[in-house]
Amino acid sequence: MDERIRVVIAKPGLDGHDRGAKVVARALRDAGMEVVYTGLHQTPEQIVETVVQEDADAVGLSVLSGAHMTLFARLTELLRERGVDDVVVFGGGIIPEEDVPELRRIGVTGIFTPGATTTEIVEWVREHVGEPAGT
């Protein structure tokens, strides 16, 4: 049985800048995790479907467009609707500090803004996978 952590990295919405998402995906893969990168312009529905199909342990969104509140809220809502309560949700991008408490309230457990290192993200994923989402 494969015990590797399975992570979906997604780039939702219309933002076409995916270098950061690819860097994080590569860092997680280099750390021994199984990573599925969904590519650009994914809807929350498509991302949740991938999470379910891949039996992912975590899902990370990269949002630079300013639509983070809407995209994260819809993703966490869809996960709840599907009964997926054991997937850790995290993300990064241009996220104002004042939005962090609401993101945490809706179930986004890790938020990485510009300046976060790949080492920090890898260690965070290792520490948080296996915990119930939203803790």
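Overview of the structure. Keep in mind that this is a model prediction, so the values were computed, not measured. (Residues numbered from 1 in each chain as written. Predicted model: local features only at pLDDT ≥ 70, side-chain atom pairs only at ≥ 80, totals over all residues. Heavy atoms only, no water.)

Another point: unusual backbone geometry. The phi torsion at His41 lies on the positive side, around 60 degrees, for a residue other than glycine. When you line up the elements, His41 lands in the loop between strand S2 (34-37) and helix H2 (44-53). Accessibility expressed as a relative area gives 43% for His41, which makes it partly exposed. Positive phi values are uncommon outside glycine, yet Asp55 reaches one of about 50 degrees. Mapping Asp55 onto the fold places it in the loop between H2 and strand S3 (58-63). (Helix = DSSP H or I, 4+ residues; strand = E, 2+ residues; numbered from the N terminus. Buried < 20%, exposed > 50% of the residue type's maximum accessible area, 1.4 Å probe, protein only.)

What follows covers the pairing of S3. Of all 6 residues making up S3, 6 are buried, and the element is well covered by its neighbours. Alternating residues of S3 divide into Ala58, Gly60 and Ser62 and Val59, Leu61 and Val63, and every residue in both groups is buried. As defined by bridge partners, strand S1 (residues 6-10) adjoins S3 across 4 bridges and the pair is classed as parallel. Counted as the bridge partner of Ala10 is Leu61 from S3. Taken together, the 6 bridges between S3 and strand S4 (residues 88-93) define a ladder with parallel strand orientation. Counted as the bridge partner of Ala58 is Val88 from S4. (Pairing = 2+ DSSP bridges.)

This part takes up the sheet that holds S2. Read across the open sheet, the 5 strands follow the order S2-S1-S3-S4-S5; overall the sheet is parallel. The outermost strands of the open sheet, each flanked by one partner alone, are S2 and strand S5 (108-112). Within the sheet, the average angular offset between the axes of one strand and its neighbour, ignoring direction, is 20 degrees. Packing of helix H5 (residues 118-128) onto the sheet brings it into contact with S1, S4 and S5, and relative to S4 it is tilted by some 165 degrees. (Axes fitted to C-alpha atoms, helices over the stretch in contact; angles between N-to-C directions. Contact = heavy atoms within 4.5 Å.)

Another aspect to go through is the pairing of S1. Counting buried positions along S1 gives 4 out of 5 residues, so the element sits mostly inside the fold. Bridge analysis of S1 against S2 gives 4 bridges, and the strand direction is parallel. In the strand pairing of S2, Val8 is matched with Val36.

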